[in-house]
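Residue-level structure breakdown
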Amino acid sequence: MDQVSAAEQMIRRFARQTNLLVAGRPALVRCVPGASDGVARALERMLRDLGAPRGHAGDPGLVEYVLAADAADSEILLEGAALPDRADGAARIAFAGRHMPVSTEIASTLDVAGVRIGIAMVLEPKTAQLALLLRDAGAEVAVYAHPDETDVAVADALRAEGVPVVADPTLSGAAEKQAATDFLARGFDVFVDDGSHLIRLAHEVAPDLVDRWWGAAEETTSGLTPLRSMAARGLLRTGVMAVNDAQTKTRFDNRYGTGQSCVFAIADLLDPLQITVRDQPALVIGYGPVGEGVAAHLAALGADVAVAEHDPVRALVARHDGYRVGDAAALAEGALVVSATGVRHTVTPDLLAAARIVAVAGGVPDEVDLSAGAHGALVLADGGCINITAAEGNPIEIMDLSFAVQLSAIAHIVAERPAVGVHALPASVDERVAKAALRRRDAEVVASHTDDTDDWRSTRYTREDAS
């Protein structure tokens, strides 16, 4: 294994064994006598490209990459300790909880005693922690997960905590729909969704239940788009808080979280095939926040990245970020194609025929159109969202921010009972979440001097004549 590959393997090993974020987390590379300086330099360069600041002993959350003369003896330390065992569901939930301080802080202020809250999300350790935080705040919580978004060990561990869970990976078709319908029939005051699948199903099969909701919170871009369409057509029957649109959600969850988790999952799946991301021609379709993150992480691992984007402003941003920009049909030939649109059938049969490898970092079913049957591409994770179907979702501290926003949205719904429609969260939510996260990262915002805004006159013409 060459030096760059050895460095990449260590970074991905850290992410895989902890489900923690590389960007923003201080990292320190140490060499024991005889260790390769080349691997150390490659590690430091890749960590910098991924957004990890250079760490020092005593930094909170420090990761140390300790390189030995024999690569097999190299180790990774998290705050001075060996990386955790990730086999046990309950242990993973507890580990996630220890790395979700912002959500814990927000949850401690909630007034939700007796409030019935339904959660329909990917069921993995962070979601379990969200449910437990709400339960501990006094809410009556129940959790639903789609069959292909269920971590069975986590579901069992959450049930053992006394939280009702509807999550069965064996369901499909009519049985899956019936399970979702039965979950809705439990009756809720507040509903929290990811993709708005159950919010929309409730409008179809049980609108009377929706009418009793105090409000709902939606996590994703792909979920808000149809809800806004419903609102414009007069079909929406509840107030929805657009959690995805909060800056502390979309700027971090979409770019850093989805970018890292999807690209690392792709690289992990390609390892057994002896295919590397490095030097691979790669096409990212869609250059919203998710596409930005995917492109940046692919580039950090050494891919030759191009972007296809129909929005001219986003395409221009991609060009200024250093990527080739053009038509997907021309750029897909022989490439690793990653769809980051959240739009059904983004990857057409023609693109499948041209691509070498296809993966999805968006968030809707059938983002890859597999209806044509035979094609030449290797489709990873059957075309499902790669960080969910082949990994453990977004990193923990990213979901700590997103769930802190979710908890703030729940508090807003309980207090305000928003009118029917899709609503932005107050700007104060972003400020509160960001400040809490900075404190936990041993950082702070220092207030800057501002001019007196009450005096609107231009100072250019109010200065005294020096002569």
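None of these values were measured; they are calculated from a predicted model. (Residues numbered from 1 in each chain as written. Predicted model: local features only at pLDDT ≥ 70, side-chain atom pairs only at ≥ 80, totals over all residues. Heavy atoms only, no water.)

Details of the overall build of the protein
- When its secondary structure is counted, the protein shows 18 helices and 17 strands.
- In terms of its C-alpha atoms, the protein occupies a principal-axis envelope of roughly 85 × 65 × 45 Å.
- Put simply, the protein has 467 residues, and 52% of those count as buried.
- Here the analysis covers contacts within the protein between residues at least 6 apart in sequence; of these, 69% occur between residues at least 24 apart.
- With the model as given, the accessible surface of the protein reaches about 21100 Å², and the carbon-plus-sulfur share is 50%. (Helix = DSSP H or I, 4+ residues; strand = E, 2+ residues; numbered from the N terminus. Buried < 20%, exposed > 50% of the residue type's maximum accessible area, 1.4 Å probe, protein only. Contact = heavy atoms within 4.5 Å. Areas by Shrake-Rupley, 256 points an atom, 1.4 Å probe, with all protein chains shown as cover.)

Regarding the pairing of strand β5 (residues 116-120)
- Judged by how many residues are buried, β5 sits mostly within the fold: 4 of 5 residues are covered.
- As defined by bridge partners, β5 adjoins strand β6 (residues 140-144) across 5 bridges and the pair is classed as parallel. Across the sheet, residue alanine 120 finds its bridge partner in β6, namely tyrosine 144.
- Handedness of the β-α-β unit built from β5, helix α5 (residues 125-136) and β6 comes out right-handed.
- Bridging between β5 and strand β8 (residues 190-193) involves 4 bridges; their strand directions are parallel. Following the sheet pairing, isoleucine 117 is matched in β8 by valine 190. (Pairing = 2+ DSSP bridges. Right-handed = clockwise from strand over helix to strand, strands pointing away.)

Some points on helix α2 (residues 37-49)
- If you check α2, its first and last C-alpha atoms are 18 Å apart, about what 13 residues at 1.5 Å a residue would give, namely 18 Å.
- In this structure, the buried side of α2 is in contact with α1 (3-18), β1 (27-31), β2 (63-67) and α12 (289-300).
- Among the residues of α2, the N-terminal cap falls to serine 36, whose side-chain oxygen and the backbone nitrogen of glycine 38 are separated by 3.2 Å.
- Looking one or two places after α2, you find glycine 51, whose phi comes out positive at around 95°. (Expected span 1.5 Å × (residues − 1). Polar contact = N/O pair within 3.5 Å; in protein donor to acceptor, adjacent residues only side chain to side chain.)

A short note on the side chain of glutamine 129
- With respect to the helices, strands and loops of the structure, glutamine 129 is situated in helix α5.
- Contacts of glutamine 129, omitting those with residues within four sequence positions, involve Ile93, Ala94, Ala96, Gly97 and Met100.

Topic: the nonpolar core
- Formed by 113 residues in total, the largest nonpolar core has its most connected members in Tyr65, Ile119, Leu134 and Leu298.
- With 12 residues, helix α17 (residues 396-416) is the single largest residue contributor to this core.
- When sequence neighbours within four positions are dropped, the list of residues in contact with tyrosine 65 reads Met10, Ile11, Phe14, Ala27, Leu28, Val29, Arg30, Leu43, Leu47, Glu75 and Ile76.
- Counting 22 residues, the second-largest nonpolar core is a separate cluster that includes Ala142, Phe191, Trp213 and Leu227. (Core = buried A, V, L, I, M, F, W, Y, C linked by side-chain atoms within 4.5 Å.)

Describing the sheet that holds strand β12 (residues 304-308)
- Taken in spatial order, the 6 strands of this open sheet run β13-β12-β11-β14-β15-β16, and their pairing is parallel. Strands with a single pairing partner mark the edges of an open sheet, and in this sheet they are β13 (324-325) and β16 (378-379).
- Strand direction decides the pairing type here: strand β15 (residues 357-360) and β16, joined by 2 bridges, are parallel. Within the sheet, the bridge partner assigned to isoleucine 357 lies in β16 and is leucine 378.
- Packing of α12 onto the sheet brings it into contact with β11 (281-285), β12 and β14 (336-339), and relative to β11 it is tilted by some 170°. (Axes fitted to C-alpha atoms, helices over the stretch in contact; angles between N-to-C directions.)

Side note on the packing of helix α11 (residues 247-270) against α12
- The geometry of α11 relative to α12 is characterised by a closest axis approach of 7 Å and an angle of 40° between their N-to-C directions. Looking at the two axes, α11 sits oblique to α12. Pair α11 / α12 crosses with right-handed handedness. Every residue of α12 that contacts α11 at Thr250, Asn254, Arg255, Tyr256, Thr258, Gly259, Gln260 and Val263 is listed here: Pro289, Val290, Glu292, Gly293, Val294, Ala296, His297 and Leu298.
- Split by residue class, the contact of α11 with α12 holds 7 nonpolar, 7 polar and 2 charged. (Parallel < 35°, antiparallel > 145°, perpendicular 65-115°, else oblique. Left-handed = near helix turned anticlockwise from the far one by under 90°. Nonpolar A, V, L, I, M, F, W, Y, C, P; charged D, E, K, R; others polar.)

Here's the deal with the packing of aromatic side chains
- Applying the stated rule across the entire model yields 8 aromatic pairs.
- With 6.3 Å between their ring centres and 70° between their planes, phenylalanine 183 and phenylalanine 191 make a pair best called edge-to-face. Phenylalanine 191 carries the same exposure label as phenylalanine 183, and that label is buried.
- Centre to centre, the rings of tyrosine 287 and tyrosine 323 are 6.1 Å apart; their planes meet at 70°, and the pair counts as edge-to-face. Taken together, the positions of tyrosine 287 in the loop between β11 and α12 and tyrosine 323 in the loop between α13 (312-320) and β13 put the pair 36 residues apart, joining distant regions of the chain.
- Tyrosine 287 gets classed as buried once you look at its relative accessible area, which sits at 2%.
- Tyrosine 323 sits in the buried class, given a relative accessible area of 10%.
- Among the aromatic side chains, those forming a connected cluster through ring pairs are Tyr144, Phe183, Phe188, Phe191 and Trp213.
- Here the guanidinium or amino end of arginine 255 rests over the ring plane of tyrosine 256, the centre of that ring lying 4.9 Å away. (Phe/Tyr/Trp six-rings, centres within 6.5 Å; stacked < 30°, edge-to-face > 60°. Lys NZ or Arg CZ within 6 Å of the ring centre and 35° of its normal.)

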